[in-house]
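Descriptive structure summary
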Amino acid sequence: YARAELLGLKLQDIAHHEDWPTVAKLLDAARTTCAPFDVEMRYLRKDGAVVWVHNSVSAQCDARGAAQGLIVVSVDIEQRKRAEDERATLLERERAARTEAERANRMKDEFLATLSHELRTPLTAIFGWTQLLRRSQLSDGDRHQGLETIERNARAQSRLIDDLLDMSRIVAGKLRIEVQRTDIASIIEAAIESVMPAAQAKSIRIKKVLDTHAGPVRADPARLQQVVWNLLSNAIKFTPKGGSVQVALERVNSHLETTVTDTGIGIAPDFLPHVFERFRQ
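Residues numbered from 1 in each chain as written. Predicted model: local features only at pLDDT ≥ 70, side-chain atom pairs only at ≥ 80, totals over all residues. Heavy atoms only, no water.

On to the overall build of the chain, then. A tally of helices and strands in the chain yields eight helices and eight strands. For a compact globule of 281 residues, the expected C-alpha radius of gyration is about 19 Å, and the chain comes in at 36 Å, more than 25% above that figure. Projecting the C-alpha coordinates of the chain onto the three principal axes gives extents of approximately 115 × 40 × 35 Å. Of all 281 residues assigned to the chain, the portion counted as buried reaches 29%. (Helix = DSSP H or I, 4+ residues; strand = E, 2+ residues; numbered from the N terminus. Rg over C-alpha atoms; globule rule 2.2 N^0.38 Å. Buried < 20%, exposed > 50% of the residue type's maximum accessible area, 1.4 Å probe, protein only.)

Alignment of strand β7 (residues 244-252) against strand β8 (residues 255-262), held across eight bridges, turns out to be antiparallel. Its bridge partner being in β8, V245 is matched across the sheet by D262. Between β7 and β8, which follow one another and run antiparallel, lie two residues, and N253 among them has a positive phi close to 55°. (Pairing = 2+ DSSP bridges.)

Further remarks concern the environment of P221. The topology assignment puts P221 in helix α8 (residues 221-237). Put simply, P221 and Q180 are 41 residues apart on the chain and 7.7 Å apart in space, counted from C-alpha to C-alpha. Excluding anything up to four places from it in sequence, P221 contacts E178, Q180, T182 and I187. (Contact = heavy atoms within 4.5 Å.)

A word on the pattern of salt bridges. Opposite charge on two side chains permits them to pair, given that their charged atoms come into close proximity. A full pass over the atoms with the stated rule returns 17 salt bridges. The closest approach of N and O atoms between R80 and E40, which form a salt bridge, is 2.4 Å. A residue pair is termed long-range when its members are at least 10 positions apart, and R80 in helix α4 (residues 78-135) and E40 in strand β1 (residues 37-44) qualify at 40 residues. Of the residues examined, R80 reaches a relative accessible area of 38% and is grouped as partly exposed. Each member of the salt-bridge network shares a partner with another, and the members are E40, R80, K81 and E84. (Salt bridge = Lys/Arg side-chain N within 4 Å of Asp/Glu carboxyl O.)

To continue, consider the sheet that holds strand β3 (residues 67-76). Spatially, three strands are ordered β1-β2-β3 in an open sheet, and the strand pairing comes out antiparallel. The two strands at the open ends of the sheet, each matched to only one other strand, are β1 and β3. Along the sheet, successive strands turn relative to each other by an average axial angle of 35°, direction set aside. The strands touched by helix α3 (residues 20-33) are β1, β2 (50-61) and β3; relative to β1, the strand with the most contacts, the crossing angle is about 140°. Against the sheet, α4 engages β1, β2 and β3, with an angle of about 125° to β2. (Axes fitted to C-alpha atoms, helices over the stretch in contact; angles between N-to-C directions.)

The subject of this paragraph is the nonpolar core. In this structure, I188, I206, L232, I236 and L249 are the most contacted members of the largest nonpolar core, which totals 21 residues. Element by element, the count of residues in this core is highest for helix α7 (residues 184-201), at eight residues. Those residues in contact with I188 that lie beyond four places of it in its chain are L210, V228, V247, L249 and T258. Of all hydrophobic cores here, the second largest spans 14 residues; its members include W20, A30, Y43 and V53. (Core = buried A, V, L, I, M, F, W, Y, C linked by side-chain atoms within 4.5 Å.)

A word on the packing of α4 against α7. Interhelical geometry of α4 versus α7 gives an angle of 65° and a closest axis separation of 8 Å. Relative to α7, α4 is oriented roughly perpendicular. Between α4 and α7 lies a crossing whose hand is left-handed. Counted together, A125, G128, W129 and L132 of α4 and E193, S194, P197 and Q200 of α7 form the full contact between these two elements. Residues of the contact of α4 with α7, tallied by class, amount to four nonpolar, three polar and one charged. (Parallel < 35°, antiparallel > 145°, perpendicular 65-115°, else oblique. Left-handed = near helix turned anticlockwise from the far one by under 90°. Nonpolar A, V, L, I, M, F, W, Y, C, P; charged D, E, K, R; others polar.)

As structure tokens, this is what we get:
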């Protein structure tokens, strides 16, 4: 504004509407107490643009302490405010980048920990069946079954190692899912064969209740086998010697439901909501 244009205007006429209520209260308090104050606020230029100013306000009071008027000295701090905003933006970008880097590292650590757990399952089956083949006088049928189980678990472990080599995709949350026509009953049978040596070592009986009419689904068989592996491995791990584990598969309306039940120590009801969180035990 030109000097002539400012004459006769009130401070409220050029103050930003969001800042005025706060400033108005400060001005009223200054008139009452005669105490000076400083405040940063926004003014509006004639063209509607916003400019930041620093106001130093002093009250002119008579001998009785009654305010006769106010003197407001306004200093343009727009450049300083712009620099502060730019610095705050840079700091926020840096903070976001650091947070993302920490998240990526955390996901990598979690993935490696999960994968190390997953790698043990096929290894256990391979070692178990290798020992049986070496030590026991097995029938041709059992020997053939053992070799098939070893081969299947070796392929599964190869898939897990591929995941390890493809860690960048895992960290980015892009796990490979190879969907195909899958018979869940055969997945369960294969998983049972994989954990059978561990069950036999503890004299744990595995009972199957599988709906032969459950039908195939569209799924990734390798990922499903990992799921069943974990359920069975945990059931055997936490079931005492001589116990039993039951695996059931049934059609429930439009979906298939797999249930693993064991005679182990069980899970406390208040922990159930957290049982599938990472690394909870």
